[in-house]
Amino acid sequence: MNGNAPRTVLGALLAGAVAAAVGMLAGPADAATTLGASAAQTGRYFGAAIAAGRLGDATYTRILSTEFNSVTPENEMKWDATEPSQGRFTYTNGDRILNQGLAQGAKVRGHALLWHQQQPSWAQSLSGSALRSAAINHVTQVATHYRGQIYAWDVVNEAFADGGSGGRRDSNLQRTGNDWIEAAFRAARAADPAAKLCYNDYNTDGINAKSTGIYTMVRDFKSRGVPIDCVGFQSHLGTSISGDYQANLQRFADLGVDVQITELDVAQGGNQANVYAAVTRACLAVSRCTGITVWGIRDSDSWRTGENPLLFDNSGTKKAAYTSVLNALNAGGSTPPSDPPPSSTTPPPSGAGCTATVSLNSWTGGYVATVRVTAGSSALTGWTVTVALPSGSAVTSTWSATNSGNTFRNADYNGQLAAGASTEFGFQGTGTGPAAAPTCQAG
Ligand code: 9MR
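Numbering of residues begins from 1 in every chain and follows the order in which that chain's sequence is written. Two thresholds apply to this predicted model, a pLDDT of at least 70 for residue-level local features and 80 or more for giving and counting side-chain atom pairs, whereas whole-chain, interface and lining totals are computed over all residues. Side-chain descriptors were evaluated using all non-hydrogen atoms of the structure, hydrogens and water having been removed beforehand.

Caption draft 1: How the structure looks around the overall build of the protein. Counting its regular elements, the protein contains 12 helices and 19 strands. Atoms considered for the radius of gyration are the C-alpha atoms alone. The globule rule reads 2.2 Å times the number of residues to the power 0.38. For 443 residues, the compact-globule formula gives about 22 Å, and the C-alpha radius of gyration of the protein, at 23 Å, lands near that figure. Reported as C-alpha extents along the three principal axes, the dimensions of the protein are approximately 75 × 45 × 45 Å. Considering the protein as a whole, with its 443 residues, one finds that 54% of them fall into the buried category. Put simply, DSSP H or I for four residues or longer makes a helix, DSSP E for two residues or longer makes a strand, and each gets a number counted from the N terminus. The buried label applies to any residue whose accessible area, calculated with a 1.4 Å probe on protein chains only, is under 20% of its type's maximum; exposed applies above 50%, and partly exposed to all values in between.

Written as structure tokens, this is what we have:
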């Protein structure tokens, strides 16, 4: 044990007995000395939003790699950063965040595929079906680039209105039709079946009209089979925390989704350490609260200039808020259920040759198709996939393959597949997408 709050022998015995009785409680084991290690004792992560431009700062990266076992790009995976002009994708800074996370064995949360802010100017000037197809293509491309490497994606960020309406925020995306959110989630699932898909928002830190609007959407998505796995509660907090903060997390968890604290920061004041501890305890008390992310490392890294809302001061020294979070983590809590990540249901191929499956994201007048090509019992040096398109449907763009009409050939870099291995390509079209399974031929 280190210098944490002393426990009485009776208290320790009681805690142990209760833990044994319910079989769900973890800790207080040996107190861990970093946020990430302590959160890991109950199967959770403790993360930070990080900026590629700060990775050369030695103090910053020392704290990052010592304390945190999850990272979120503060800006580098947003639409304006990843698709500065339409159809031209730049991943340099996003990849730097990803690689930093992977190098230190951290989870990487993707943030954010679609948002009304930080859109590139070309997207801001689009509307209607042109914007809808550009947005879905964006989701598909970015999630495909990071496929298999992202723990959870904020697929849609901040789509609900503030105030008492409980409804959607007006935005160019919302004006493409109320189904834009579910179309985005379907596209993300098709592109990266292993990533957890989250809806993320702020001012949802308690039971209020906005969080209830989101709750109603999540319940509807779950009832209709729209793929959603988690809800992010940003938790940009002032000097207090709502009394029903934990109850709000729990009601979402009871819908069958994970909950995550995604952008925590707390105004500095007399209560800062207490508010941080209360948020931490609330997450630990909800078994499906899988982790906490703070929105920056040092106060000087924060977007809330002058509010000193983080766990480390400007020189990188731990603040009282840090100690209160670490102590709360070390006190233990419920253990998240170990659910396997959502996985693709592609059947294993049999025989030589290859098979192809297609998943579709459709909207009125258009669709994005993602096609998975899997080699049979022999390696392939090339493949050709033919897709039956209904009359009136035309392919308008293709990625990771070349096409002539409805026949698609491998690109230079994805024709060679080991036996049983898979690759993906995609295309966008007008009209209605393919209804039948595609055929695949080796060569
Ligand atoms: O911290 C981010 C800041 O550097 C950007 O300038 C800003 C642009 O809008 O976005 C900040 O991050 C936001 C996050 O992406 C979504 N939730 C609110 C965060 C704080 O504004």
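Structure shown, so let's carry the discussion forward.
Caption draft 2: Inspection of the environment of Asp-299 at higher detail. Relative to the helices and strands, Asp-299 is located in the loop between β10 (289–294) and α12 (320–330). Along the chain, Asp-299 and Pro-309 lie 10 residues apart, while their C-alpha atoms are 6.1 Å from each other. Residues count as neighbours in contact if any of their non-hydrogen atoms are within 4.5 Å of one another. Those residues in contact with Asp-299 that lie beyond four places of it in its chain are Gln-268, Asn-308, Pro-309, Leu-310, Phe-312, Asp-313, Asn-314 and Lys-319. In this structure the side chain of Asp-299 is engaged in a polar contact, spanning 2.8 Å, whose partner is the backbone nitrogen of Leu-310. Under this definition, polar contacts are N or O atom pairs within 3.5 Å; protein pairs additionally need one hydrogen-donor-capable and one acceptor-capable atom, and for neighbouring residues in sequence, both atoms have to be side-chain atoms.

Caption draft 3: Geometry of the sheet that holds strand β13 (residues 366–375). The antiparallel open sheet is built from 4 strands, whose spatial order is β12-β13-β18-β15. Of all strands in the sheet, those with a lone pairing partner are β12 (354–363) and β15 (394–399), marking the two edges. Looking at each pair of strands side by side, their axes are set apart by 25° on average, direction ignored. Two strands qualify as a pair provided DSSP detects at least 2 bridges between them. Of the strand pairs in this sheet, β13 and strand β18 (residues 422–430) are connected by 9 bridges, and their pairing is antiparallel. Within β18, the position partnered with Tyr-367 by the bridge is Gly-429. Structural elements are reduced to axes, namely lines fitted to C-alpha atoms, with helices fitted over the stretch in contact, and the angle between N-to-C directions of any two is expressed from 0 to 180 degrees. This element, helix α7 (residues 128–145), spans β12, β13, β15 and β18 of the sheet and lies at about 140° to β12. Contacts between helix α8 (residues 180–191) and the sheet are confined to β12, β13 and β18, with β12 contributing the most and set at about 165° to the helix.

Caption draft 4: View of the pairing of strand β2 (residues 45–50). With 6 of its 6 residues buried, β2 lies for the most part within the structure. Of the two faces of β2, the one holding Tyr-45, Gly-47 and Ala-49 and the one holding Phe-46, Ala-48 and Ile-50 are both buried throughout. Examined bridge by bridge, β2 and β10 share 4 bridges and lie parallel to one another. Opposite Phe-46, over in β10, you have Ile-292 as the bridge partner. By convention, a crossover is right-handed whenever its connection, traced from the first strand over the helix to the second and viewed with the strands pointing away, goes clockwise. You can see the chain leave β2, run along helix α3 (residues 58–67) and come back into strand β3 (residues 70–73), and the turn it takes is right-handed.

Caption draft 5: The arrangement of the sheet that holds strand β19 (residues 439–442) in detail. The 4 strands lie next to each other as β16-β17-β14-β19, forming an open sheet whose pairing is antiparallel. Two strands bound the open sheet, and with one partner strand each, they are β16 (401–404) and β19. In this sheet, neighbouring strand axes are inclined to one another by 25° on average, regardless of whether the strands run parallel or antiparallel. By the bridge criterion, 3 bridges tie strand β14 (residues 383–386) to strand β17 (residues 407–410) in an arrangement that is antiparallel. From the neighbouring strand, Thr-386 faces β17, where its bridge partner is Thr-407.

Caption draft 6: Looking closely at α12. In terms of burial, α12 is largely enclosed, as 8 of its 11 residues are buried. Taken residue by residue, α12 has Ala-321, Tyr-322, Ser-324, Val-325, Leu-326, Ala-328, Leu-329 and Asn-330 as its buried positions. On the buried face of α12, the contacting elements are α2 (35–40), β2, α3 and α11 (272–285). Of the residues flanking the end of α12, it is Gly-332, one or two places downstream, whose phi is positive at about 85°.

Caption draft 7: Representation of the site of the ligand in the model. A molecule or strand has a residue near it when one of that residue's heavy atoms lies within 4 Å. Lining the immediate environment of the ligand, one finds 14 residues, of which Glu-74, Lys-78, His-111, Glu-158 and Glu-263 sit closest. Between the ligand and the protein, one listed contact pairs a nitrogen atom with a side-chain N or O atom of Gln-234 at 3.1 Å. Surface burial for the ligand is 76%, taken as the share of its 460 Å² of free accessible area covered by protein chains. To be clear on the numbers: accessible area is Shrake-Rupley with a 1.4 Å probe, and residue cover counts the displayed protein chains and nothing else.

Caption draft 8: Main features of the pairing of strand β9 (residues 258–266). Burial analysis of β9 places 9 of its 9 residues in the buried class, which makes it a mostly covered element. With 4 bridges connecting them, strand β7 (residues 230–233) and β9 associate as parallel partners. Its bridge partner being in β9, Phe-233 is matched across the sheet by Ile-261. As defined by bridge partners, strand β8 (residues 236–237) adjoins β9 across 2 bridges and the pair is classed as parallel. What sits directly across from His-236, in β9, is Asp-265. Considered for its hand, the β-α-β crossover made up of β8, helix α10 (residues 245–253) and β9 is right-handed. With α11 bridging β9 and its parallel neighbour β10, the resulting β-α-β unit is right-handed.

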